[in-house]
Amino acid sequence: MTQKASKLVIVTEKVLLKKIGKIIDEAGATGYTVVDAGGKGSRNVRSSGQPTVSENFSNVKFEILTPNRDMAVKISDEVAAKFFDDYSGISYICDVMEVLHAHTF
């Protein structure tokens, strides 16, 4: 069985990891994935400068599957309102055509 979903992606500073995780949990999402991230944006280069993945990355990327767009927007709006004036960050929503092999999310 497959189902549709929205995927919220948030890229921001690693120091916000626990605070954003709490917002995601409180919004009712069943989970999320976090990976180290680096790159370049409007606030300049945000990585260790190393050519390979290392422990020194200062940014993280959250990926959150939500059962509907409203939940994704709610999480994104709260994160942006609380943190993006003072910390670098971006968020975007993707429509997921099908979620495969998931018990529930």
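You'll find the structure just up there.
Per chain, residues are indexed from 1 in the order of the written sequence. The model is predicted, so local features are restricted to residues of pLDDT at least 70 and side-chain atom pairs to those at 80 or more, both for listing and for counting; the totals for chains, interfaces and linings are taken over all residues. Only hydrogens and water are set aside; all other atoms, that is, all heavy atoms of the structure, feed into the side-chain values.

(A) The sheet that holds strand β2 (residues 33-37), seen in detail. Here we have 4 strands laid out as an open sheet, ordered β2-β5-β1-β6, and antiparallel in their pairing. In this open sheet, the two edge strands, each paired with only one partner strand, are β2 and β6 (89-99). For this sheet the average axis-to-axis angle between neighbouring strands, irrespective of direction, equals 20°. Whether two strands pair comes down to DSSP finding at least two bridges between them. Helix and strand assignments come from DSSP, with helices taken as H or I runs of at least 4 residues and strands as E runs of at least 2, each series counted from the N terminus. Pairing between β2 and strand β5 (residues 59-66): 5 bridges, direction antiparallel. Of the residues in β5, the one forming a bridge with valine 35 is lysine 61. Against the sheet, helix α1 (residues 17-26) makes contact with β1 (3-13), β2 and β5, and its axis sits at roughly 10° relative to β5, the strand it touches most. Angles run from 0 to 180 degrees between N-to-C directions of axes, and those axes are lines fitted to C-alpha atoms, restricted for helices to the stretch in contact. Contacts are assigned to residue pairs with any non-hydrogen atoms lying within 4.5 Å of each other.

(B) Region of interest: the pattern of salt bridges. Salt bridge criterion: a side-chain nitrogen from Lys or Arg within 4 Å of a carboxyl oxygen from Asp or Glu. Inspection of the entire model under this criterion finds 5 salt bridges. Across the pair glutamate 26 and lysine 22 runs a salt bridge, and its minimum N-O distance is 3.9 Å. Taken together, the positions of glutamate 26 and lysine 22, both in helix α1 and 4 residues apart, correspond to about one turn of that helix. As far as burial versus exposure is concerned, glutamate 26 and lysine 22 are alike and both exposed. One salt bridge connects glutamate 78 with lysine 82, and the closest N-O pair in it is separated by 3.0 Å. Of this pair, glutamate 78 and lysine 82 both sit in helix α2 (residues 69-83), 4 residues apart, which is roughly one turn of that helix. One connected set of salt bridges, linked through shared partners, spans Lys7, Lys61 and Glu63. Type-normalised accessible area, obtained with a 1.4 Å probe on protein chains alone, sets the label of each residue: buried when under 20%, exposed when over 50%, and partly exposed for intermediate values.

(C) Molecular detail of a nonpolar patch on the surface. A patch consists of residues exposed above 30% relative accessible area that lack any salt bridge, with like charges linked at up to 9 Å and nonpolar side chains (Val, Leu, Ile, Met, Phe, Trp, Tyr) linked at up to 5 Å. All accessibility values rest on the Shrake-Rupley procedure with a 1.4 Å probe; residue burial counts only the protein chains present in the view. Together, Leu17, Tyr32 and Val34 line one region of the surface with nonpolar side chains, adding up to about 210 Å² of accessible area. Within the secondary structure, valine 34 is located in strand β2. Judged by its relative accessible area of 30%, valine 34 falls in the partly exposed class.

(D) Molecular detail of the packing of aromatic side chains. When the centres of two rings from Phe, Tyr and Trp lie within 6.5 Å, Trp using its six-membered ring, the rings pair. Their planes under 30 degrees apart give stacked, over 60 give edge-to-face, and anything left gives tilted. Inspection of the entire model under this criterion finds 2 aromatic pairs. Here the aromatic rings of tyrosine 32 and phenylalanine 62 are separated by 5.6 Å at their centres, their planes lie at 55°, and the arrangement is tilted. Remark: phenylalanine 62 occurs in strand β5 and tyrosine 32 occurs in the loop between α1 and β2; sequence separation between them is 30 residues. Residue classification places phenylalanine 62 among the buried residues on the basis of a relative accessible area of 0%.

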